[in-house]
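Spelled out, the chains give:
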Amino acid sequence: MASKLSGNVMLKHQDVTIERIEKFLSDTYFVRENLYGKLISLKSSEAVKVKVSPKVERISYKDAIQLEYKDTKIGESFGPSWTNYWFKVTIDVPTDWKDKTIHFIWNSSCEGLIWMNGIAIQGLTGGTWQDLREEYKLIENSKGGEHFEFYVETSCNGMFGVGKDGLINPCDPDRTFELTKAEIRVKNKEANELYMYLQMLYDIGKNFPKESLRKKQAIWVANDIINQCNVNDSKTFSKCIELAKEFFSQHNAESQTKVWAVGHCHIDLCWLWSFEKTKEKCARSFSTQILYMDYYPQFKFTQSQAQAYQWTKENYPELYERIKEKVITGQFVPTGGTWVEMDGNLPSGESFIRQFLYGQRFFKREFGKQCTEFFLPDTFGYSAQLPQVIRHMGIENFITQKLSWNNLNKFPHTTFLWEGIDGSTVLTHFPPADTYNSQADVKEIVMSSTNNKDIDRCNESMLLYGNGDGGGGPTIPMIERLSILKDTAGIPKVEFSTPAEFFKQLEPHRSKLNKWVGELYFELHRGTYTSQATTKRGNRLCEIELHATEMLSSYCELFVDGFKSPNLSKLWEQVLLCQFHDALPGSSIQVCYDDILKHHQQVLAECKNIITQCMNHITGTLLKIDHLPTEGTPHSEFVLAFNANDFEISRVIEIPKSTKDIQAQYVNAVQTSYNGLPLGTVTLPPNGFSAINISTTGDNRTINRKPNYPCTAIEKNDGSGDILIDNQFISMTIGSNGRIKSLIEKSANREVIKEGGSLGNRLIIFDDTCLFWDAWDQEIFSLEKPLSTLDGSCKIIENGPLRCVVQVHYDPKALPSGNGSVNQTIVVHFNSARIDFETNVNWNEAHKLLRVDFDTNIRAKNANYEIQFGHIERPTHYNTSWDFARFEVVGHKWADLSEYDFGMALLNDCKYGYSTLGGRIGLSLLRSPKSPDDTCDMGSHKFTYSIYPHRGSLQSASVIKEGYSLNNNFYISETPFSLASATHIDKTFISTNKEAIIVDTIKKAEDDNSFVVRIYESFGGATTFNFISSILPTPFKSIIECNGLEEVNESSKSYNFNDTIKINPFEIKTFRFISN
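Residues numbered from 1 in each chain as written. Predicted model: local features only at pLDDT ≥ 70, side-chain atom pairs only at ≥ 80, totals over all residues. Heavy atoms only, no water.

Caption draft 1: View of the packing of aromatic side chains. All chains considered together, the criterion is met by 67 aromatic pairs. Measuring from centroid to centroid gives 5.3 Å for Y309 and F367, while their planes differ by 65°, and the two rings are edge-to-face. Here F367 lies in helix α9 (residues 349–367) and Y309 lies in helix α7 (residues 306–315), a separation of 58 residues in the sequence. Like Y309, the residue F367 is buried in the burial classification. We note K137 situated over the ring of Y295; from NZ or CZ to the ring centre the distance is 4.3 Å. A cation over an aromatic ring shows up here: R651 above the ring of F970, its NZ or CZ 4.3 Å from the ring centre. (Phe/Tyr/Trp six-rings, centres within 6.5 Å; stacked < 30°, edge-to-face > 60°. Helix = DSSP H or I, 4+ residues; strand = E, 2+ residues; numbered from the N terminus. Buried < 20%, exposed > 50% of the residue type's maximum accessible area, 1.4 Å probe, protein only. Lys NZ or Arg CZ within 6 Å of the ring centre and 35° of its normal.)

Caption draft 2: Region of interest: helix α8 (residues 317–329). Spanning 13 residues, α8 covers 19 Å between terminal C-alpha atoms, matching the ideal 18 Å at 1.5 Å per step. Of all the residues in α8, the buried ones are L319, Y320, R322, I323, K326 and V327. The arc enclosing the buried residues of α8, seen along the axis, measures out at 160°, which places them on a common side. Facing away from the buried side of α8 by over 90 degrees, the exposed positions are I328 and T329. Buried residues in α8 make contact with β8 (119–125), α6 (275–295), α7, β15 (332–334) and α9. Looking one or two places after α8, you find G330, whose phi comes out positive at around 90°. (Expected span 1.5 Å × (residues − 1). Arc of directions from axis to C-beta. Contact = heavy atoms within 4.5 Å.)

Caption draft 3: Here's a closer look at unusual backbone geometry. The residue after G79, namely P80, is reached through a cis peptide bond having omega 0°. Structurally, P80 is set in the loop between β4 (77–78) and β5 (84–92). Cis geometry is found at the peptide bond from L1032 to P1033, where omega equals -5°. In this fold, P1033 is placed in the loop between β55 (1027–1028) and β56 (1036–1042). Even without glycine at this site, H525 takes up a positive phi of about 55°.

Caption draft 4: Up close: the sheet that holds strand β19 (residues 425–429). Strand order across the open sheet formed by five strands is β16-β17-β19-β18-β22, with mixed pairing between neighbours. At either margin of the open sheet sits one strand with a lone partner, and together these are β16 (373–375) and β22 (515–517). Looking at each pair of strands side by side, their axes are set apart by 30° on average, direction ignored. Across three bridges, β16 lies against strand β17 (residues 397–399) in parallel orientation. Along β17, the bridge assignment pairs F374 with F398. Sheet strands touched by helix α13 (residues 499–506): β16, β17, β18 (415–419) and β19. Its angle to β19, the strand with the most contacts, is close to 105°. (Pairing = 2+ DSSP bridges. Axes fitted to C-alpha atoms, helices over the stretch in contact; angles between N-to-C directions.)

Caption draft 5: View of the sheet that holds strand β44 (residues 902–908). Sheet architecture is open: nine strands sit in the order β35-β36-β37-β38-β47-β44-β43-β40-β41, paired in antiparallel fashion. In this open sheet, the two strands that pair with only one neighbour each are β35 (792–799) and β41 (870–875). Strand-to-strand twist of the sheet, defined as the mean angle between neighbouring strand axes without regard to direction, takes the value 20°. For strand β37 (residues 821–829) and strand β38 (residues 835–843), the ladder comprises eight bridges, and the chain directions are antiparallel. Paired with V822 across the two strands is V841, which belongs to β38. The strands touched by helix α19 (residues 959–967) within the sheet are β38, β40 (862–867), β43 (894–899), β44 and β47 (939–951), with β44 carrying the most contacts at an inclination of about 20°.

Caption draft 6: Fine view of the pairing of strand β52 (residues 997–1004). Across the eight residues that make up β52, a large majority, eight, are buried. Relative to strand β53 (residues 1011–1017), β52 is paired through seven bridges, and the arrangement is antiparallel. When the sheet's bridge partners are listed, K1004 is paired in β53 with F1011. The antiparallel pairing of β52 with β53 creates a hairpin that spans six residues between the two strands.

Caption draft 7: Molecular detail of the pattern of salt bridges. Considering all chains together, one arrives at 56 salt bridges under this definition. Among the salt bridges present, the one from R834 reaches E962, with a minimum N-O distance of 3.0 Å. Highlighted residues: R834 in the loop between β37 and β38 and E962 in helix α19, separated in sequence by 128 residues. A residue is classified by how much of its surface remains accessible, and R834, at 11% relative accessible area, is buried. Owing to a relative accessible area of 11%, E962 belongs among the buried residues under this scheme. Here E1067 makes a salt bridge to K1069, at a shortest N to O gap of 3.3 Å. Residue class for K1069 comes out buried when judged on its relative accessible area of 7%. (Salt bridge = Lys/Arg side-chain N within 4 Å of Asp/Glu carboxyl O.)

Caption draft 8: Main features of the environment of E46. Its location among the elements puts E46 in the loop between β1 (40–44) and β2 (48–52). In this structure, the C-alpha to C-alpha distance between E46 and D92, residues 46 residues apart in sequence, is 9.0 Å.

Caption draft 9: Structural detail: the environment of I121. With respect to the helices and strands, the residue I121 is situated in strand β8. Note on I121: relative accessible area 13%, which makes it buried. The spacing of I121 and S287 is 166 residues in sequence and 5.4 Å in space, taken between C-alpha atoms. In this structure I121 touches I114, M116, Y136, S287, T288, L291 and R322, once residues within four positions along its chain are discounted.

Here it is in structure tokens:
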């Protein structure tokens, strides 16, 4: 009788043993001798026949099956980039494969989607990355001899697009993709099960601390398994599996961390692919996850972004119906509440509101319920006003993790209360695995405990798992690993969950949590405040024009017979889509910005058309008999002018052309512009309109009256070339090179520009080469390397009395490329201390940054920056690493640097990237990254920045008003009309009696005939206010306070129009105005 063989007892060679385990699982080394080589029992490529269609765009299944197909084979390649092909697949299962589970294997090196009988079944991801998804379970318990016919739709792009020689490089338009696999397989079930257990044991052995008991036990068990496993005798597998199960069946104590595993698929609606391609990604991802829900009843999948659902509904209606079925069962879980996962810094406050308004309405309409958590894992910083917006939109919980990418300071909390600038708080969680694409392996599950910075007060963590960015979602191995690891000693307990279920677990710990007050500043990707300038300008313009369109159409519905406000939701949805967190920040490929430009142009064109119609309607209401000139009564030509700002604004404008006496307008003009047009001054009421008399003769003329204190410009006669500009408020000296040498604010008699400093309006070009993320990152070391300062030549082209204009041509030799131009007109008006720098740039640089800065003698520890519905303070020093990290920050229309009773604001009409250090305040104007879009910001740009020196605080000096004024034009009717010369019409639609209270939105309600008015407190102090209107009788019988979703509940307060209303610092309030 032969004796049983036995080896030596395992020696203490931990690292060697770990590598032994690795090689036993390797797909590269010793495959004939290791377990990996035994995972497949049978395979056949001969059983699979494939035909291919011609290349097509995305088409329907119905159209695809009508295409002509030809034979193809393994090794053939398909392209070019972004094209689609359909493959007709025929499979005849070998008759001797009876009682087997058959898997179809497909790898076309690109993305694909299996279609059966007109139904999208499962997505496929080719290539060799960890996001590989190449198998589909064709049939269980085969009878042998089955025949299958179905289709695979492929898109010639990888999961991460078609970058040339690198992930984020510009697109290669000529990429081709090879069909490398088309076969059926039978897997060795026990070998695959053992392989998964050994992978997890290896993860423990590799990643646990060196002295960890469970590490040592895992290494011992894995080594023992390898010793007992004969890869050529599958009978040994079951004993080895039992050894592994014994290890994983050892349970935790009650105190162990619990990880709530949330299946998730992060789909960038555009990034390294277009919006159009994302529609396909949605179908591939969602069909796959629905299939897995059938396989695993415990599996739950969470998906955000109403836009992704809307696209699926429009393009894949059968798939969408299956999604709705799974929502009912609780396995497919909508989350987030927004139209898209938007950028968290750049959209306006109203855009934030609309993201939730249209998102929550969609989820309620389609699935019967609203989302209870805000889900934004991948944006590049989070505004300090978001907590209030989130609460105002009916949500109390927030999930993100992006601050784990900080490159200077580690954020100190995992679970905490985030407080906004008004005091609103939201319960917030950062999944401690520091990813929204977890592979659900042992390492990341354990990290969910060891990296939980608040584990002492809240021993609960969320794990967001599933392949993402380019879609995909959880894989079968992820789901099976989590199922096994439900309760294994030394590893956190795991439960399949949803965001709502997770936050229910957090709620009892709320009183123990720390609080973070203010913005969640992201210490990376600061270049996204500036990249893709055209998109940022388009977004700002769309927000402004939609605001005016809603206000005007609301007025017309109230006062113009038969007028109905147009539904602007589709226009808003286009703008909201373009605020996606890789779109508006400027981090996508070129085709995305071509699409965004079209969206913005369409929105602006439709807004212009509606505004024109409204202006014509309002004009018609003015032409009543009591305004018409009677015989012998003096009459004049008028135009209608509308001001969509909630401030009275006086402005110098080009006088609209008379239809009767153009010559008189020129002859009597107080001033003509440098392009020869007569100028005049008009003043419009807040949120209202005036009938403007454009006649330049007669007692009732107002538009061409001379100012009491004119604006003047003269060139010094000392040969310096300096230009002096003076008005009632300021005295300024512009050097011959275009820089400001002196700026005196007269009421305080203060010099603004620092003596011996670098002057003002200094245009500097910096090197802008980052560490990796080209379009994303603007590094502080760039500011250490200025390359050139632009010098110009100046010329006075208007010298008052209404305004002075200095033209500056900058020498293109200072541009590193030597190719381009920078030109400015510096404009000062007689009635303001604000100085505008209207700038035109032809930009053709590479990895360069154009900035402007102003070196002032203002001393302040903090500067203020406008954000959504308010403003925040940030330090002007680098005392700590947290201060230093904020060398570039977000501001919307303005930033203000003030000491006691004096300061200066730097304003803009489409820029966002500010920096302030000491008394120097600057604004980033243009970047020139070369990936992922190598054309980023190339070409022509037009923008305006302004400075506004002032006595007093930013609040008392009306800095906020100046920001709105710079960004909003008057709307003036095109065709003059005649009224009695003495006619005076000024109408304010809806405003308030306090400058601090800004009426931000007037719109038609979404669901009924009421109107919605949204206001906010802008100064940062509690106060009271009253609504006012000059339209009498007041057209509203009552006002009801509501939330941002326009919902009224039992606690909603009702007011009469003239009632006094309380408001807190930076508070947002929304009201329904009920018309008579």
